[in-house]
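Residue-level structural notes
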Amino acid sequence: MNQALLEQIKRLPKIDLHVHLDGSVKPDTIRELAEAQGKALPVGAEGDLTPWMQIDENCTSLVEYLSKFDFVLPFMQTAEALERIAQEVVQQAAEAHCLYVEVRFAPMLHTLEGLTASDAIRHTIAGLRAGEHLFGIKARVIVICMRHDSVEKNLEVIEAAKEYYDQGVVAVDLAGDEAGFPPQIHRSVFGLASSYELPITIHAGEAGGSDNVRESITRLGARRIGHGVRITEDPTVIELVKATRTPLEMCPVSNIQTKAVSGWDTYPIRSFMEQGVIVTVNTDNMTVSGTTMNLEYEMLAEHCGFTLKELAQLAMNSAEAAFLLGEEKEELKEAVQSALNQLDLSL
Ligand SMILES: O=c1[nH]cnc2c1ncn2[C@@H]1O[C@H](CO)[C@@H](O)[C@H]1O
Ligand SMILES: [Zn+2]
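The structure contained in this document is the topic of the report that follows. (Residues numbered from 1 in each chain as written. Chains lettered and ligands numbered in written order. Predicted model: local features only at pLDDT ≥ 70, side-chain atom pairs only at ≥ 80, totals over all residues. Heavy atoms only, no water.)

**Quick look at helix 7 (residues 117–135)**
Short version of the rule: Under the DSSP-based scheme used, a helix requires at least four consecutive residues in state H or I and a strand at least two consecutive residues in state E, with every element numbered from the N terminus. A helix is expected to reach a length of 1.5 Å times the quantity of its residues less one. Exposure classes here rest on a 1.4 Å probe applied to the protein chains alone. A residue is buried below 20% of its type maximum, exposed above 50%, and partly exposed in between. Contacts: residue pairs with any heavy atoms within 4.5 Å of one another.
Between its first and last C-alpha atoms helix 7 spans 27 Å; for 19 residues at 1.5 Å apiece the expected length is 27 Å, and the two agree. Listed as buried for helix 7 are Ala117, Ser118, Asp119, Ala120, Ile121, His123, Thr124, Ile125, Gly127, Leu128, Gly131 and Glu132. Contacts from the buried residues of helix 7 go to helix 6 (79–95), strand 2 (98–105), strand 3 (138–146), helix 8 (151–163) and strand 4 (169–175). Where helix 7 ends, the next residue or the one after it, glycine 136, has phi of about 70°, a positive value.

Shown next as structure tokens:
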């Protein structure tokens, strides 16, 4: 791609609203954590951990994609590990010129060596705060319930998230194997979240059909949808997403890897925008997908013909869809706008 355009994309202000903590760990960090924790690695001192942590182009499904998380989770069971990895996710976001990032993770996946869900959230927030101070951007947490976990366990996750709502946590989510575990299983979980007025986003319409998007919006109270690419299957769900002004957190590189869509030529983002659906663009998992916010925007320019101004509009959509409240949200929108003004890209 044209070098000047690449440079301009790098300079655009960006926001990542959908990035998983455990999918964005640097391989060198795992090497150092393994040593500190006395855990074995499958490669020697000079070996490359990337193949264990990143999916390749032969990936056939979301379930296969999710298998990559089994490798990193054993190293993410301590306060130190969570704090360091959270701080490094903020660093990576800042390096891609993100002004704000909402980092999500499932606290119950980090309770194998004595931490509680509440501890895991507290330490992740501490790491993000350290990152905010070091790298000068804003970061918040989205707390995930896993679809394969019991309703009881997920009710506990909501209770833990509530403790930190407005103190680092901005929302709750449902993630994991969508095809095997439809959203309706967890209606009561999100009923509890709604009763606490916790904002909700749900992964839907990725490895499952558009009905999961309808269920998530109408029965689970989702205010945003993770991915949502498969609403193409049902015009009435597209209408619902538009009527409720529900932003989609699209993750193009990940969506192609998990085969949520067949390829770039059928990636529906431009068609969604033309139909008036609010779309945002995000990384999903920087390490598992081998991506960055810059790469996501480059792919859209290359494969979907996005102009710089259209990419700027995506960044503004993300500012408007952010789970920040009141003044903080206004400040973020102003920061995006003023960065765009400086690039002569006023919307
Ligand atoms: O694209 C995705 N779709 C559904 N679940 C995902 C995706 N990426 C990651 N996770 C799941 O979320 C957990 C907590 O971060 C990860 O461990 C992974 O199982
Ligand atoms: Zn995700």
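**A short note on unusual backbone geometry**
Most peptide bonds take the trans configuration, and most residues that are not glycine carry a negative phi. We note that histidine 97 has phi near 65°; this positive angle belongs to a residue other than glycine. Structurally, histidine 97 can be placed in the loop between helix 6 and strand 2. Note on histidine 97: relative accessible area 33%, which makes it partly exposed.

**A word on the environment of glutamine 184**
As for its position among the elements, glutamine 184 is in the loop between strand 4 and helix 9 (187–195). Residue class for glutamine 184 comes out partly exposed when judged on its relative accessible area of 37%. Along the primary structure glutamine 184 and tyrosine 297 are separated by 113 residues, whereas in three dimensions their C-alpha atoms are 34 Å apart. Filtering out sequence-adjacent residues up to four positions away, glutamine 184 remains in contact with Asn212 and Glu215.

**Side note on the state of the cysteines**
Convention followed: Note that a disulfide, as used here, is simply two cysteine sulfur atoms within 2.5 Å.
Overall, the coordinates contain 0 disulfides when judged by the stated rule. Residue cysteine 59 stays outside any disulfide, its sulfur separated by 14 Å from that of cysteine 251, the closest cysteine. Take cysteine 304: it sits in no disulfide, and the sulfur closest to it among the cysteines is that of cysteine 251, at 14 Å. Exposure remark for cysteine 304: the relative accessible area of 13% places this residue in the buried category.

**Some thoughts on the site of ligand 1**
We count it as follows: Near, as used in this document, describes a residue that has one of its heavy atoms within 4 Å of the molecule or strand being considered. As used in this structure description, the phrase polar contact means that two N or O atoms lie within 3.5 Å; if the pair is within protein, one of them must be able to donate a hydrogen and the other to accept it, and residues adjacent in sequence are counted only when both atoms belong to side chains. Here the open area of atoms and residues is found with the Shrake-Rupley method and a 1.4 Å probe, where only the protein chains shown may cover a residue. Gly is put with the polar residues, along with every residue not named as nonpolar or charged; the nonpolar set is Ala, Val, Leu, Ile, Met, Phe, Trp, Tyr, Cys and Pro, and the charged set is Asp, Glu, Lys and Arg.
Lining the immediate environment of ligand 1, one finds 16 residues, of which His20, Asp22, Gly176, Glu206 and Asp284 sit closest. Within the contact set of ligand 1, an oxygen atom lies 2.8 Å away from a side-chain nitrogen or oxygen of histidine 20. One of the side-chain nitrogen or oxygen atoms of histidine 227 is found 3.2 Å away from an oxygen atom of ligand 1. A total of 420 Å² of accessible area belongs to ligand 1 in isolation, and the protein chains cover 97% of it. Listing elements by their share of the shell around ligand 1, those giving two or more residues are helix 4 (62–66) and strand 3. Taken together, the residues that form the shell around ligand 1 break down as 8 nonpolar, 5 polar and 3 charged.

**Describing the coordination of the zinc ion (ligand 2)**
In a perfect tetrahedron of four donors around a metal, the angles come out at 109.5 degrees. In a perfect octahedron of six, they are 90 or 180 degrees. To keep things clear, this is the line we draw: In this analysis a donor is any N, O or S atom within 2.8 Å of a metal ion (3.2 Å for sodium, potassium and calcium), and since water is not included, sites may seem incomplete. A four-donor site is classed as tetrahedral when every donor-metal-donor angle falls between 85 and 135 degrees; four donors are called square planar, and six octahedral, when trans pairs exceed 155 degrees and all remaining angles lie between 65 and 115, with any other arrangement labelled irregular.
For the zinc ion (ligand 2), the protein coordination sphere consists of His18 (NE2), His20 (NE2), His203 (NE2) and Asp284 (OD), at 2.1 to 2.3 Å. One can describe the donor arrangement at the zinc ion (ligand 2) as irregular, given that its 4 donor atoms subtend angles of 83 to 166° at the metal. Of note, the donors binding the zinc ion (ligand 2) are all from one chain and are spaced H-x1-H-x182-H-x80-D. Within this pair, whereas histidine 18 is found in strand 1 (residues 14–20), its partner histidine 203 is found in strand 5 (residues 201–204), the two being separated by 185 residues in sequence. Under the relative-accessibility criterion, histidine 18 is labelled buried at 0%.

**Brief notes about the packing of helix 7 against helix 8**
Put simply, the rule is: Each axis is a line fitted through C-alpha atoms, and for a helix only the stretch in contact is used; angles between axes span 0 to 180 degrees, taken between their N-to-C directions. Should an angle lie under 35 degrees it is considered roughly parallel, over 145 roughly antiparallel, and from 65 to 115 roughly perpendicular; all remaining angles are considered oblique. Handedness of a helix crossing follows the sense of rotation of the near helix relative to the far helix, less than a right angle counterclockwise being left-handed and clockwise being right-handed.
Put simply, helix 7 and helix 8 touch, their axes get as near as 9 Å, and they point 40° apart. Relative to helix 8, the element helix 7 lies oblique. Note on packing geometry: the crossing formed by helix 7 with helix 8 is right-handed. Residues Ala117, Ser118 and Ile121 of helix 7 form the contact with helix 8, whose own contacting residues are Ala160, Ala161 and Glu163. Grouping the amino acids of the contact of helix 7 with helix 8 by side-chain chemistry returns 4 nonpolar, 1 polar and 1 charged.

**Some details on the side chain of histidine 203**
By relative accessible area, which is 5% here, histidine 203 ends up buried. A polar side-chain atom of histidine 203 sits 3.0 Å from a polar atom in the side chain of histidine 18. A distance of 3.1 Å separates the side chain of histidine 203 from the backbone oxygen of leucine 174, its partner in a polar contact. Once residues lying within four places of it in the same chain are set aside, the contact partners of histidine 203 are His18, His20, Arg104, Arg147, Asp173, Leu174, Ala175, Glu178, Gly226, His227 and Asp284.

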